[in-house]
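Secondary and tertiary structure notes
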Amino acid sequence: MRVIFSEDHKLRNARTELFGGELVAPFEAPFRAEWILAAVKDAGFTDVSAPADYGLETALKVHDAGFLSFLETAWARWSKEGYRGEAIATAFPVRRTSPRIPTHIEGQLGYYCNAAETAISPGTWEAALSSMRSALTAADIVAGGEKAAFALCRPPGHHAAIDAFGGYCFINNAAVAAQRFLDKGAKKVAILDVDFHHGNGTQDIFYERGDVFFASLHGDPAEAFPHFLGYAEETGKGAGTGATQNYPMPPGTPWSVWGAALDDALARIAGFGAEVIVVSLGVDTFEKDPISFFRLTSPDFLAMGRKIRESGVPVLVCMEGGYGVPEIGLNVANVLRGISG
């Protein structure tokens, strides 16, 4: 299995995250990618290459053009205003407020943000572009006939919505990859999100589309970030009716329950007729993860990969979450081992 990885991920090295009422060192930091890369190489996945150069043509099919333009210019505009800290949203268009987009950077930060813990820092746009390019390069490898590829994306992407960033995510890598498969001739694509946190951005992008089936296994949003999407009754709208399936699960969920949900999701993906599966791989379902409440163990990730392989369709894996413990590398490697057989 080929691994696509960009050293440009290091360009995003934010100093601050809003957590528990304090500004702390971010959970999503460069060391995550380094741990994962070392572990997958140790596991035998040594065919590692940098992504090809892609523009925004595919991203513009899943994201709002104004949003992408905002991301590209946000740090320069913020800095020009003379602010000394990183760019953190402080005002939001909530219920009964105007739908107009402010012109000032402070207002636009809130307009285009869905979670205030995520600061925009120097290099954020460049790192997000490199992450997207990793996903696109891996998608082209799979579209070209390989059974599987791994895009070691950082920053992650599944919380990035049509026109909003947050949850450490700026461009939705899995969504861009799914669109790339469609552009290359696929008729039906599935996104299987196994991150602990619901892929609210991915759901937003495809909720009214019938060409992409979205399944997400995650912590109950009544209890867990991102809180405002991911309930079981959300199953799609319009042309997308029936093409979204959510599996919210409670604190303490073990593999026996989680694995059964995965079986159901894979059966629904097969029934949908997906020609390829894009896996949004978060390993924050691990029992020791600092910001989740599931109880998966390292061997469970190997079983997860095997179940995905048994779908019999090509697989693109895009890296999402998993934080703060060295086992994130082992757990990623176990998923790849299972998928590759």
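Residues numbered from 1 in each chain as written. Predicted model: local features only at pLDDT ≥ 70, side-chain atom pairs only at ≥ 80, totals over all residues. Heavy atoms only, no water.

Per an unreviewed UniProt entry, the chain carries the name Histone deacetylase family protein and comes from Shinella pollutisoli. Turning to the chain, the UniProt record has this under Sequence similarities (unreviewed entry): "Belongs to the histone deacetylase family." The UniProt entry for the chain carries the following text under Cofactor (unreviewed entry): "Zn(2+)". (UniProt positions renumbered as here; feature names shortened; annotations may be inferred.)

**Let's talk about helix α8 (residues 298-309)**
The terminal C-alpha atoms of α8 lie 18 Å apart, and with 12 residues this matches the ideal 16 Å at 1.5 Å per residue to within 8%. For α8, the full list of buried residues reads Ser298, Asp300, Phe301, Met304, Gly305 and Ile308. Along the axis of α8, the buried residues cluster in a sector spanning 145 degrees; they form a single face. Check the buried side of α8 and you find it contacts β6 (189-193), α7 (255-272), β9 (277-281), β10 (315-319) and α9 (327-340). (Helix = DSSP H or I, 4+ residues; strand = E, 2+ residues; numbered from the N terminus. Expected span 1.5 Å × (residues − 1). Buried < 20%, exposed > 50% of the residue type's maximum accessible area, 1.4 Å probe, protein only. Arc of directions from axis to C-beta. Contact = heavy atoms within 4.5 Å.)

**A short note on the UniProt feature "domain: Histone deacetylase" (unreviewed entry) in the chain**
According to UniProt, the feature "domain: Histone deacetylase" (unreviewed entry) maps to residues 28-337 in the numbering used here. Helix makes up 37% of residues 28-337 and strand makes up 11%, while its end C-alpha atoms are separated by 24 Å.

**Here's the deal with helix α1 (residues 30-42)**
Turn by turn, an α-helix covers 3.6 residues, leaving residues three or four places apart pointing in a common direction. For α1, with 13 residues, the first-to-last C-alpha span of 19 Å sits near the 18 Å given by 1.5 Å per residue. Within α1, the full set of buried residues consists of Pro30, Arg32, Ala33, Ile36, Leu37, Ala39 and Val40. On the buried face of α1, the contacting elements are β4 (48-49), β5 (148-151), β10 and α9. Following α1 by one or two positions, Gly44 has its phi on the positive side, about 105 degrees.

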